Amino acid sequence: MSEVNSNATTIILFGATGDLARRKLYPALYSLYKKKNNFAVIGVARRDYDHEVFRQNVYESLKNHSNPENDAEDFIKRFYYYPLDVKDTKAYDGLKELADQLNDQFDLQGNRMFYLSLAPEFFAPVTLNLKQAGLTTNTGWKRLVIEKPFGRDLESAAELNNSIHEVFEESEIYRIDHYLGKEMVQNIQVIRFANPIFEGIWNNRYISNIQITSSETLGVGERASYYDHTGALMDMIQNHMLQMVALTAMEPPSRFVTEDIRDEKVKVLRSIRPLTDSTVANSVVRGQYTRGTMPNGDVVKGYREEENIKEQSMTDTFVAAKLHIDNFRWAGVPFYIRTGKRMTAKSTEIVVQFKDAPKRPYFNNFNDLQPNLLVIHVQPDEGLSLKLNAKKFSTGGGSIPITMNFSNSNNDDGSSAYERLIQDCIHGDSTNFTRWDEVALSWQFVDYIAEAWKERNIPLDRYEAGTMGPASAHELLAKDGHHWWPLTKTTEK
Ligand SMILES: NC(=O)C1=CN([C@@H]2O[C@H](COP(=O)(O)OP(=O)(O)OC[C@H]3O[C@@H](n4cnc5c(N)ncnc54)[C@H](OP(=O)(O)O)[C@@H]3O)[C@@H](O)[C@H]2O)C=CC1
Ligand SMILES: O=C1O[C@H](COP(=O)(O)O)[C@@H](O)[C@H](O)[C@H]1O
């Protein structure tokens, strides 16, 4: 959606031996290679690999997370390895030499993508070191792809932002939120704005409430050192969940171009009613899983028993919250959001619950009317369903719920979100990346909650692994006369 660009590029990938690179980025790059993108990759990390060992690792990653064909041999020949400790400023000179050499060898037109798949404390120093070594004065375009989390709160995010702005313009910064690369998240705007039957009723006259769930069955896994000082609020709510809220609630942009779309998301984030100390207690639930049995029968440890987790850890592995968007369209419509680890199922769904039809006098005999629900199935099994009421197919009275379903039947493991986003970055399209003001407003909202949790001694509600969170998360809706709709498409993974 931005300027026309040359698509060739050198991708300098920091964190090339890490979990994200292995599980998501190499399969994504393989798909992009198959689509005839011209790139070479320099993998950077401390490990003492050479090019050949690195290539074998990339190949292994394809075997585990993709489907390598004969062309995979050619693909891995585009991978080079440069061992470097990111704090070692002098070592960047050699990185520049290698980048210059590959640029000529593969005709990459002076373009550079710097992908920081690193622990967040390295984001700012790496960026400054790149500049100091002259890596950012390349002859083509330069773009910085930066993983999450972008800061730990508004203040640290602003500091990070200032640092990277010393080297990159805002238009060159691609802050990744991989949910924005998901097919059905990208579909929200199309479903809403290309279908007048929905857009016409997408407001507080017809919608009762909106529920957004992103549940996981996995526990903290091997990411304890990151997760135990992050928690679900910063790991999921600050970014993925608020982005889904923004896309569901935003006004149609005046043009479908990057900045107009982002402007509309910003307006939503700005309209979220700020929480105060007392409203945090009533509108936000924080939970932590205890030992329990997963639906497949596995008995799993409680969070505090997990490896490398502090015994008395107060980290939230579950958050549910009620938000109000104080604008004309949404006044009076609660948005309920929840996310957590070790829940009953892996699923991400957006449920739009419409207001009830007037029961009397028209539907006096229909005791079983259900609210209309539009469900956007983000994952698994991407699709859309619409729940309606119909007359019972019999001579008697009464109604039955019927569901109209669309399913994309895609069993993608998540790497195609990264594929879309990396492709967008190569094309210079930052629509599906977060702009600084979106990030800042999201932190502002989350900071209130984190602060209240710290200062006000708000309880941490325990929930058994394998359940849908603590009882308080259900009470959050029950006190408004609502309940969480059961997830319709789920997987155990
Ligand atoms: N894993 C995931 O599912 C997700 C991860 N992310 C984000 O992606 C980023 C990477 O995460 P992940 O891959 O899980 O992390 P890992 O811990 O698995 O990998 C970290 C990488 O950084 C390298 N590294 C660490 N210290 C240095 C150093 N001083 N100098 C050079 N390289 C270093 C490591 O290599 P070596 O040890 O060889 O130096 C490794 O390649 C993080 O920002 C994370 O928040 C975001 C969403 C999901
Ligand atoms: O960003 C993150 O997302 C994953 C969940 O992503 P999904 O695509 O599998 O839904 C989460 O497990 C992780 O903790 C978080 O950092």
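Looking at an unreviewed UniProt entry, one finds the protein named Glucose-6-phosphate 1-dehydrogenase and attributed to Scopulibacillus cellulosilyticus. Quoted straight from UniProt, the Sequence similarities (unreviewed entry) entry for the protein says "Belongs to the glucose-6-phosphate dehydrogenase family." Quoted straight from UniProt, the Pathway (unreviewed entry) entry for the protein says "Carbohydrate degradation; pentose phosphate pathway; D-ribulose 5-phosphate from D-glucose 6-phosphate (oxidative stage): step 1/3."

Asks: Before we move on, could you go through the site of ligand 2 and cite the residues and values that matter?
Replies: Residues in close proximity to ligand 2 include K148, H178, Y179, K182, E216, R223, D235, M236, H240, K341, K346 and Q379, which together make up its full environment. Separating an oxygen atom of ligand 2 from a side-chain N or O atom of K346 is a distance of 2.7 Å. Q379 is positioned such that a nitrogen or oxygen atom in its side chain is 2.7 Å from an oxygen atom of ligand 2. For ligand 2, the protein covers 84% of the area, taking 390 Å² as the surface of the free molecule.

Asks: Lay out the site of ligand 1 in plain terms, naming residues and giving numbers.
Replies: The local shell around ligand 1 holds 22 residues, among which T17, D19, R23, L118 and K148 are the closest. Measuring from an oxygen atom of ligand 1, one finds a backbone N or O atom of K148 at 2.7 Å. The element best represented in the shell around ligand 1 is helix α1 (residues 19-34), accounting for three residues. A breakdown of the residues in the shell around ligand 1 according to their chemical character gives 10 nonpolar, four polar and eight charged.

Asks: Give me the UniProt feature "domain: Glucose-6-phosphate dehydrogenase NAD-binding" (unreviewed entry) in the protein: which residues, what numbers.
Replies: As recorded in UniProt, the sites labelled "domain: Glucose-6-phosphate dehydrogenase NAD-binding" (unreviewed entry) are residues 12-187. Across residues 12-187 one finds 44% helix and 16% strand; the C-alpha atoms that close the span lie 30 Å apart.

What counts, and at which threshold
- Residues numbered from 1 in each chain as written.
- Chains lettered and ligands numbered in written order.
- Predicted model: local features only at pLDDT ≥ 70, side-chain atom pairs only at ≥ 80, totals over all residues.
- Heavy atoms only, no water.
- UniProt positions renumbered as here; feature names shortened; annotations may be inferred.
- Near = heavy atom within 4 Å.
- Polar contact = N/O pair within 3.5 Å; in protein donor to acceptor, adjacent residues only side chain to side chain.
- Areas by Shrake-Rupley, 256 points an atom, 1.4 Å probe, with all protein chains shown as cover.
- Helix = DSSP H or I, 4+ residues; strand = E, 2+ residues; numbered from the N terminus.
- Nonpolar A, V, L, I, M, F, W, Y, C, P; charged D, E, K, R; others polar.

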